[in-house]
Amino acid sequence: MNRDDLCYTPATELAKAVREKRLSPVEITEAVLERIDAINPKLNAYCTPTAEQAMAKARAAEQAVMDGKRLGPLHGVPYSVKDLVITKGVRTMRGSKIYEHFVPEEDTPAVERLRGAGGILLGKTCSPEFGWKGVTDSPVTGITRNPWNLEMTPGGSSGGASAQVAAGLGPLAIGTDGGGSIRIPAGFTGIFGIKPSFGRVPTYPASNHDMLSHMGPMTRTVSDAALMLSVMAGPHEADRFSLEDGPADYEELLDRGVGDLRIAWSRDLGYARVDPQVAALTERAAQAFAELGAQVDAVDPDFGDPTDTFITLYVLGAGGGLADLLEEWESRMDPGLVTVVKMAASFKGLDVIRAQMARHQYWDRVRRFFDRYDLLLTPTLAVPAFRVGQLVPNPERSSLRDMFAWTPFSYPFNMTGNPAASVPCGFTDEGLPVGLQIVGRRFADLTVLQASYAFEQARPWADQRPKL
Amino acid sequence: MNDADLCYTPATELARMIREKTLSPVELTRAVLARIEALNPKLNAYCTLLADEAMDAAREAERAVAAKKRLGPLHGIPVSIKDLTMMKGVRWMAGSHIFADRVPTEDAPVVTRLRKAGAIILGKTTTPEFGWKGLSDCPLTGATHNPWRHGLTAGGSSAGAAVSVAAGMGPLAQGSDGAGSIRIPSAFCGIYGIKPSFGRVPNYPLSNNDNSTHVGPMARTVADAALMLSVIAGPSELDRTSLEARPADYVRKLGKGLRGLKVGYSPDLGYLRVDPEIAEISREAALGFESLGAHVEEVDPGFGDSSELIESLWNAHEAGNYEEFLPEWEAKMDPGLVASIRDGQRYSAVDYIRLRGRKNSYWDAVRAYFERYDLLLTPALSVAAFPVFKLLPEHWPQHPWNWMPWASFSYPFNFTGNPAASCPAGFTRDGLPVGLQIVGPRFADLAVLQASAACEQARPWAHKRPPV
């Protein structure tokens, strides 16, 4: 296998090859680090690579194999962590000058678990400042680019993660998703990403984002995500909202098919404006589920437009906690984020409580829909990737509402906590990837993974590589 | 058995007798209704009595027994529903003039489950307006009296629920607890009440108070509460915060005992004022765990003083939820609630986010404690019951809305969601009941029930009846 192919080999196969001593963790890690050296300068996916620690860990992993030690499910497999997520002993800047030199003393539980499963940390991936927006550039790390077209954004806020995975700079990435931040970049870069059910993967430190934040895997294949999620998921006392039960055996149960599922397809949730190419590609992808034997109905799910409610929750989540930092840091912060912080300062307490009430009511509509359907399909995004350095596809219109107008499909399921994934479903005429969103019932992470897997079998995508 | 004895027979026993046909559901319901008719005018536990419906249901239950139908675990057992909980076709006043004529078209899931288990619903029990305080008076339904002494408060907000159980007007009552509202009246009335883990019992419509409200059982015996909890617990799509996991078999696993457990006893959580007699009685009950095989240590759990946090969050939520009613209804609302709303109006959204950030961090202190101890014991309350219509006992500093100072052992576990029960611990020299609070780790409802059962076995209380 040449080194490029090695870098594009799924984690499931790498793990198997390591266990069977056909591949050495050192060989894998060297190949990936070499590719990062060559390609990261173009993309800026990693903001803090940890090459030396990774090599040391790889050598220890190799030794463990040679010694016949018991190996974890990710033994010798490289992964990355988004820079919003704390990693023991590894700088965690959160895309901000404020945390430029912050080195946490503990791991978030998911990182602790990946380490424990034998994974090899390659480094931290770029995020906009505190993950505040759906594109990736930050005052401390600059611009991150899309491997399919370097002029374009890889999306955000897990933009470094998506660029990394798409470009073969590591098969596994931890992303976080408070309004679409796993699914948006997965959609823009042609990879798989799943925001699991709220509480499935413990988040720590607790986010003060009103239970909007989720952590999940970003990968090239569905099996890789299933493998990674089965390691990351499960209750942990550090997060009091982490779910009580351990996760299902996602990887083992993936191949179930969709033949008996009732699936709804909504092209616009009743109110979104979608780019015609995106609409056509996602509509065709939805039809693939009918070909796989599922009942697919085109519907208007009639959830109502939750944008105003979400904007209140989002502004307070993203900006409310930063008000005290403005005085010292404003000039070194992302000006767009500063606007959000100032907006947060104009809200009353009553506005939050009312938005929370509206959110409860929104759930009531969504759960009624899932009485009738097992899955909801939508486009992941309203548009394909647009130019870096912009907040929105059309820079003439860049209000907060415009910012959410191109991600209308993702944030509803942060409000409700339903599991939701983005699967690659084709390319625009300009060669930019397009994603289909698959949303499941509360707690039905497994069903979402199974449907994603069925789609992947029918319309495989992982053989497509960006030219870099 | 005379009627009073029948009315004081535990639900577990009644259910067995009905299954064995030694007791008819009609006979039982008639006896309980007769007792309600005799005592309720004095005590005011029920605000809406459903005598005809209950008798119909009892006759139906009797026919089911005769027809050898499959019987639910609560077949023929009378229960009451708190008037904050909705029940199809029955006026749902929530203790407020504003909703005096509201009639919902759906059952809350707890009602659905009780019905399905065969329970006979006797009626709705009183609550202060919107359950805003831990006391038992209400602008709409007037004073609910403590069965142990007329003229004293029964505590709240599950006021009527506690009184109905204590006075033999139904063995089981559904309560709800947003800052102590199951535990406070249980302690004042000498009964058992458990606030299960957050999400254990689905709550619908969801209370809009940042995940503070818990639904749970109130009963005279621990086994009765375990039986009722096993019926009402478990996930429901109606409540997106309801837990995924199924409940444990509380009933069969109740007798595990305390042997080997490491138990901390905190007389004051490090900062609370407690009346000396209450301190003495609860200390004796807590130290009694030692003779049951547990290792008991006096501890300061180090949670820190959170009184400012509860006061501000409580009022912010009251303001967000009820401010809109002030212009039209203020004169007919509880003046204390009005004062609490007015206070809550002053908070900005940024204040709210800061407060919630502190609340999130509070969990970190509590979970650290439960890494070292299996259980935490505290007094349930700082005082014994005091005159109804007062917010605070006469010998405590008075305040226009802040009733929390004497009830501050409760709300910390609404912040965190830990399961917590109030167990009868004895009586003051004046003959008023005193409660011991038993708090368990996240999700350890079974452990709290088991400890409560052990405590009950060592120092049974259910044979004590108030002088009504």
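Please read these numbers as outputs of a predicted model, since none were measured by experiment.

Interface extent is often summarised as the accessible area lost during association of the parts. The interface is formed by 45 residues belonging to chain B together with 46 residues belonging to chain A. Carbon and sulfur atoms supply 48% of the area buried between chain B and chain A, which totals about 3,900 Å² over both sides. Broken down residue by residue, the surface that chain B buries against chain A is led by Arg240, Glu244 and Arg442 of chain B, which jointly contribute 21%. Counting every contact that joins chain B to chain A gives seven salt bridges. For the pair chain B and chain A, the number of links is 27 residue pairs in polar contact (both at pLDDT 80 or more). Taken together, the elements giving at least two residues each to the side of chain B that touches chain A come down to helix H10 (307-322), helix H13 (349-372) and helix H14 (412-416) of chain B. When residues in the side of chain B that touches chain A are grouped by element, the largest group, twelve residues, is from H13 of chain B. Looking at the side of chain B that touches chain A, its residues break down into 17 nonpolar, 14 polar and 14 charged.

Another point: the packing of helix H3 (residues 25-43) of chain A against helix H4 (residues 51-66) of chain A. All names here are of chain A. Axis separation between H3 and H4 bottoms out at 8 Å; the angle between their running directions is 160°. Classed by the angle they form, the pair H3 and H4 counts as roughly antiparallel. Between H3 and H4 the crossing geometry is right-handed. Judged by residue contacts, Pro25, Val26, Thr29, Glu30 and Leu33 of H3 engage Ala51, Ala54, Met55, Ala58, Arg59, Ala61 and Glu62 from H4. Residue composition of the contact of H3 with H4, by class: eight nonpolar, one polar and three charged.

Enumeration according to the criterion identifies 37 aromatic pairs over all chains in this entry. One aromatic cluster is present, formed by Phe303, Tyr362, Tyr369, Phe370, Tyr373, Tyr411, Phe413 and Phe415 of chain B through successive ring pairs. One cation-aromatic arrangement involves Arg94 of chain A over Tyr99 of chain A; the distance from NZ or CZ to the ring centre is 4.6 Å. The ring of Tyr204 of chain B is capped by Arg367 of chain A, whose NZ or CZ atom sits 5.1 Å from the centre of that ring.

In this structure the tally under the stated criterion is nine cavities of 30 Å³ or more. Roughly 300 Å³ of internal volume is contained in the largest cavity. Forming the boundary of the largest cavity are 21 residues, of which Phe198, Phe241 and Leu243 of chain A together with Thr241 and Leu243 of chain B lie nearest the centre. What the second largest cavity holds in volume is close to 250 Å³. Taken together, 20 residues form the lining of the second largest cavity, with Ala206, Ser207, Met211 and Phe241 of chain A together with Asn360 of chain B sitting closest to its centre. Class assignment of the residues belonging to the lining of the second largest cavity gives a composition of seven nonpolar, seven polar and six charged.

Let's shift gears to the side chain of Thr428 of chain A. Residue and element names in this part refer to chain A. Its location among the elements puts Thr428 in the loop between strand E12 (420-427) and strand E13 (433-440). Classification of Thr428 as buried rests on a relative accessible area of 5%. In this structure, Thr428 is in contact with Gln277, Leu281, Pro384 and Val434, ignoring residues within four places of it in sequence.

Residues and elements named next belong to chain B. According to the stated counting rule, one finds zero disulfides over all chains in the structure shown. With no disulfide of its own, Cys138 lies 7.9 Å from the sulfur of Cys47, the closest cysteine sulfur. With relative accessibility at 6%, the residue Cys138 sits in the buried group.

Bringing the sheet that holds strand E2 (residues 78-82) of chain B into the picture now. All names here are of chain B. Spatially, eleven strands are ordered E1-E3-E2-E8-E10-E9-E14-E15-E13-E11-E12 in an open sheet, and the strand pairing comes out mixed. Only two strands of the sheet have a single neighbouring strand rather than two, namely strand E1 (46-49) and strand E12 (295-298). Taken pair by pair, the neighbouring strands of this sheet meet at an average axis angle of 30°, ignoring direction. Sheet analysis places strand E13 (residues 375-379) next to strand E15 (residues 433-439), joined by four bridges and oriented antiparallel. Across the sheet, Pro379 pairs through a bridge with Leu436, a residue of E15. In the packing of helix H4 (residues 51-66) onto the sheet, contacts are made with E1 and strand E3 (120-125), and the angle to E3 comes to roughly 160°.

Residues and elements named next belong to chain A. The mixed open sheet is built from eleven strands, whose spatial order is E1-E3-E2-E6-E8-E7-E12-E13-E11-E9-E10. A strand with exactly one partner marks an edge of an open sheet, and here the two such strands are strand E1 (46-49) and strand E10 (295-298). The average undirected angle you get between the axes of adjacent strands in this sheet is 25°. Both strand E9 (residues 262-265) and E10 contribute to a ladder of four bridges, which runs parallel. Counted as the bridge partner of Ile263 is Val296 from E10. Strand contacts of helix H16 (residues 445-458): strand E7 (192-195), strand E11 (375-379), E12 and E13, with the helix running at about 10° to E12, the strand carrying the most contacts.

Grouped together as the largest cluster of nonpolar side chains are 219 residues, with contacts concentrated most on Tyr314 of chain A together with Leu114, Tyr192, Phe289, Trp403 and Trp406 of chain B. Apart from residues lying up to four places away in sequence, Leu114 of chain B is in contact with Leu74, Val79, Ile81, Ala119, Met228, Val231 and Ile232 of chain B. Counting residues in each nonpolar core, the second largest holds 83 residues, with Leu122, Ala285, Phe289 and Val434 of chain A among its members.

The next point concerns the side chain of Ser127 of chain A. Residue and element names in this part refer to chain A. Looking at the element boundaries, Ser127 is found in the loop between strand E3 (120-125) and strand E4 (137-138). What makes Ser127 buried here is its relative accessible area of 1%. Setting aside its immediate chain neighbours within four residues, Ser127 contacts Lys82, Leu84, Gly95, Thr136, Ser138, Thr141 and Ser157.

Attention now moves to the pairing of E3 of chain B. On any regular strand, side chains alternate: one points to one face of the sheet, the next to the other face. All names here are of chain B. Summarising burial for E3: six of the six residues are buried, a large majority. In terms of strand pairing, E1 meets E3 through three bridges, oriented antiparallel. Residue pairing in the sheet places Tyr46 in a bridge with Thr125 of E3. Note that E2 and E3 share five bridges and pair parallel. Each bridged residue has a counterpart across the sheet, and for Ile81 the counterpart in E3 is Lys124.

With that out of the way, let us pick up the pattern of salt bridges. Tallied over the entire structure, the rule returns 52 salt bridges over all chains. Its salt-bridge partner being Glu323 of chain B, residue Arg354 of chain A comes within 2.6 Å of it at the nearest N-O pair. Taken together, the residues span two chains, with Arg354 of chain A in helix H13 (residues 349-372) and Glu323 of chain B in the loop between H10 and helix H11 (326-329). Given a relative accessible area of 19%, Glu323 of chain B falls into the buried group.

Looking now at the environment of Leu43 of chain A. Note that Leu43 of chain A resides in helix H3. Sequence separation between Leu43 of chain A and Pro147 of chain A is 104 residues, and the spatial gap between their C-alpha atoms is 6.8 Å.

Glancing now at unusual backbone geometry. Cis geometry marks the peptide bond from Gly156 of chain A to Ser157 of chain A, where omega comes out at 5°. Within the secondary structure layout, Ser157 of chain A lies in the loop between strand E5 (142-143) and helix H6 (159-166). Cis geometry is adopted by the peptide bond preceding Pro205 of chain B, which originates at Tyr204 of chain B and carries an omega value of -5°. Within the fold, Pro205 of chain B resides in the loop between strand E9 (192-195) and strand E10 (214-219). Even without being glycine, Asp302 of chain A reaches a positive phi, approximately 60°. Its place among the elements puts Asp302 of chain A in the loop between E10 and helix H10 (307-319).

This next bit is on the environment of Gly119 of chain A. All names here are of chain A. Tracing the backbone shows Gly119 in the loop between helix H5 (109-116) and E3. Looking at Gly119, the relative accessible area reads 1%, which means it is buried. Residues Gly119 and Gly234, 115 residues apart in the sequence, show an inter-C-alpha distance of 18 Å.

Basis of the calculations
Residues numbered from 1 in each chain as written. Chains lettered and ligands numbered in written order. Predicted model: local features only at pLDDT ≥ 70, side-chain atom pairs only at ≥ 80, totals over all residues. Heavy atoms only, no water. Contact = heavy atoms within 4.5 Å. Buried area = accessible area lost by both parts, 1.4 Å probe. Salt bridge = Lys/Arg side-chain N within 4 Å of Asp/Glu carboxyl O. Polar contact = N/O pair within 3.5 Å; in protein donor to acceptor, adjacent residues only side chain to side chain. Helix = DSSP H or I, 4+ residues; strand = E, 2+ residues; numbered from the N terminus. Nonpolar A, V, L, I, M, F, W, Y, C, P; charged D, E, K, R; others polar. Axes fitted to C-alpha atoms, helices over the stretch in contact; angles between N-to-C directions. Parallel < 35°, antiparallel > 145°, perpendicular 65-115°, else oblique. Left-handed = near helix turned anticlockwise from the far one by under 90°. Phe/Tyr/Trp six-rings, centres within 6.5 Å; stacked < 30°, edge-to-face > 60°. Lys NZ or Arg CZ within 6 Å of the ring centre and 35° of its normal. 1 Å grid on protein atoms, 1.4 Å probe; cavity = no way out; pocket = protein on both sides within 12 Å on 5 of 7 lines; lining within 4 Å. Points joined across faces, edges and corners; volume = space filled by probe spheres on them. Buried < 20%, exposed > 50% of the residue type's maximum accessible area, 1.4 Å probe, protein only. Disulfide = S-S within 2.5 Å. Pairing = 2+ DSSP bridges. Core = buried A, V, L, I, M, F, W, Y, C linked by side-chain atoms within 4.5 Å.

Functional significance is not addressed by these values, which are geometric in nature.
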